[in-house]
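Remarks on the overall topology
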Amino acid sequence: METLEHVKFDIRTVDNAPEASKATLATAKSAYGFTPNLLGLMANHPALLNSYWAGDGFLTKNSVLTAKERQVAFLAASYENNCHYCMAAHSSIAQMNKVADDVVEALRAGTELPNPKLNALSNYVKVTTVKRGRVSDEDVAAFLEAGYTQEAMLEVITIVGLKVMTNYINYLAQTPVDQPFQPNVWTPRD
């Protein structure tokens, strides 16, 4: 992975974060038992941290996709954005949500998923990511024919948007993968 030598961000904690980031970091630490490095980096810009945190929380509470499907979508977008940190983190979270090992392995390899419906979701997230939202009629038809709804299409936009925030900062800051995610370290493609 290319290292950006000129960019160095501090990983903030509740003790040294900007005031507007402290409450979110405290909540995250309470929820996870640690403060993920990603959130510590985002804390350098409170609008980034709080937009991501609130958006992810609202998505979780109002999702039309299952927890497993959301992890498939997060992994598909992170794969396309070549994000080392999010691939490790979401592989771990997918395992916690009992996403089948062969599905997680396929997502990490960028190959077809063994589950046709989840494969359609992964493909739709990937084309949304790669085409920057300019999906074709064929892309939409394949997604809807797999049993997803128009509302799920909008949720994919939400997921891709959240992944833009996380994937881009992880590339820029070269976020160190947290210890809980180390078993799922992922090497980006060239």
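Owing to the predicted nature of the structure, the values given are computational and were not obtained by experimental measurement. (Residues numbered from 1 in each chain as written. Predicted model: local features only at pLDDT ≥ 70, side-chain atom pairs only at ≥ 80, totals over all residues. Heavy atoms only, no water.)

Observations regarding the overall build of the chain
Condition: Secondary structure elements are taken from DSSP: a helix is a run of H or I of four residues or more, a strand is a run of E of two residues or more, and numbering for both begins at the N terminus. Radius of gyration means the value over C-alpha atoms here, while the globule rule gives 2.2 Å times the residue count to the 0.38 power. Here's how the labels work: a residue is buried when its accessible area is under 20% of the maximum for its type, exposed when over 50%, partly exposed in between, all with a 1.4 Å probe on protein chains only. Pairs of residues are marked as contacts when any of their non-hydrogen atoms sit within 4.5 Å. Throughout, the Shrake-Rupley method with a 1.4 Å probe supplies accessible areas, and for residues the shown protein chains are the sole cover considered. Charge counting follows a simple rule: Lys and Arg are positive, Asp and Glu are negative, and His as well as the terminal groups are ignored. To locate a charge, take NZ of a lysine, CZ of an arginine, CG of an aspartate or CD of a glutamate.
When you go through the chain residue by residue, the secondary structure sums to 9 helices and 0 strands. Taken from N to C terminus, the helices and strands of the chain fall in the order α-α-α-α-α-α-α-α-α. Taking 2.2 N^0.38 as the reference for a compact globule, 190 residues should give roughly 16 Å; the C-alpha atoms of the chain span a radius of gyration of 16 Å, in line with that estimate. C-alpha atoms of the chain, sized along the principal axes, occupy 50 × 35 × 30 Å. Taking all 190 residues of the chain together, 44% fall into the buried category. In the chain, of all internal contacts separated by at least 6 residues, the share reaching a separation of at least 24 is 69%. As displayed, the chain has an accessible area near 9800 Å², and 53% of this comes from carbon and sulfur atoms. If you average the places of the 16 positive and of the 20 negative side-chain charges in the chain, the two averages end up 5 Å apart.

Points about the nonpolar core
Our working definition: Here, nonpolar core refers to any group of buried Ala, Val, Leu, Ile, Met, Phe, Trp, Tyr and Cys residues whose side-chain atoms link them within 4.5 Å.
Judged by nonpolar contacts, the single largest core of 50 residues is most densely connected at Val72, Tyr85, Leu121, Val125 and Phe143. When neighbours within four sequence positions are excluded, Val72 is seen to be in contact with Val99, Val103, Leu107, Leu113, Leu118, Leu121 and Ser122.

A look at the layout of surface pockets
Let me state the cut-off plainly: Lining residues are defined by having an atom within 4 Å of a point belonging to a cavity or pocket. Those points lie on a 1 Å grid over the protein atoms alone, cavities being sets where a 1.4 Å probe fits but cannot get out and pockets being open sets with protein on both sides within 12 Å along at least five of seven lines. Grid points are joined across faces, edges and corners, and a volume is the space filled by probe spheres set on the points. Lys, Arg, Asp and Glu make up the charged group, whereas Ala, Val, Leu, Ile, Met, Phe, Trp, Tyr, Cys and Pro make up the nonpolar group; the residues left over, Gly among them, are polar.
Its boundaries defined by the atoms lining it, the largest pocket holds a volume of some 570 Å³. Forming the walls of the largest pocket are 26 residues, and the residues nearest its centre are Tyr32, Tyr52, Asp56, His90 and Ile93. When contributions to the lining of the largest pocket are tallied by element, the ones reaching two or more residues are helix 2 (37–42), helix 3 (46–62), helix 4 (67–80) and helix 5 (84–96). The greatest single-element share of the lining of the largest pocket, amounting to 7 residues, is contributed by helix 5. Residue classes in the lining of the largest pocket are distributed as 17 nonpolar, 6 polar and 3 charged.

Quick notes on helix 5
Which entries qualify depends on this criterion: By this rule, a helix spans an expected 1.5 Å times one less than how many residues it contains.
When the terminal C-alpha atoms of helix 5 are compared, their 19 Å separation across 13 residues agrees well with the 18 Å that a helix rising 1.5 Å per residue should span. Taken together, the buried residues of helix 5 touch helix 2, helix 4, helix 6 (101–109) and helix 9 (150–173). At the exit of helix 5 stands Lys98, carrying a positive phi of roughly 60 degrees.

Some points on the packing of helix 7 (residues 116–130) against helix 8 (residues 137–145)
Keep this limit in mind: Axis angles are defined between N-to-C directions and span 0 to 180 degrees, where every axis is a line fitted to C-alpha atoms and, for a helix, only to the segment in contact. Orientation is classified from the angle alone, with under 35 degrees giving roughly parallel, over 145 giving roughly antiparallel, 65 to 115 giving roughly perpendicular, and any other angle giving oblique. Here a crossing is called left-handed whenever its near helix is offset anticlockwise from the far helix by less than a right angle, and right-handed whenever the offset is clockwise.
Packing of helix 7 against helix 8 leaves a shortest axis separation of 9 Å and a crossing angle of 155 degrees. Looking at the two axes, helix 7 sits roughly antiparallel to helix 8. You can see that helix 7 and helix 8 cross each other, and the crossing is left-handed. Two secondary-structure elements touch here, helix 7 through Ala120, Leu121, Tyr124 and Val127 and helix 8 through Asp139, Val140, Ala142 and Phe143. Partitioned by chemical class, the residues of the contact of helix 7 with helix 8 number 7 nonpolar, no polar and 1 charged.

Comments concerning the pattern of salt bridges
Side chains that differ in charge, positive against negative, can pair when their charged atoms come close. Convention followed: Take a side-chain nitrogen of Lys or Arg and a carboxyl oxygen of Asp or Glu: if they are within 4 Å of each other, that pair is a salt bridge.
For the coordinates displayed, the defined rule picks out 3 salt bridges. Of the charged contacts, one joins Lys131 and Asp139 as a salt bridge, the two residues approaching to 2.7 Å between their closest N and O atoms. On the accessibility criterion, Lys131 (34% relative accessible area) is partly exposed. With a relative accessible area of 16%, Asp139 lands in the buried category.

Side note on unusual backbone geometry
Positive phi values are uncommon outside glycine, yet Lys98 reaches one of about 60 degrees. Assignment of secondary structure puts Lys98 in the loop between helix 5 and helix 6. For Arg132, which is not glycine, the phi torsion reads 55 degrees and is therefore positive. Residue placement: Arg132 occurs in the loop between helix 7 and helix 8. For Arg132, a relative accessible area of 71% corresponds to the exposed category.

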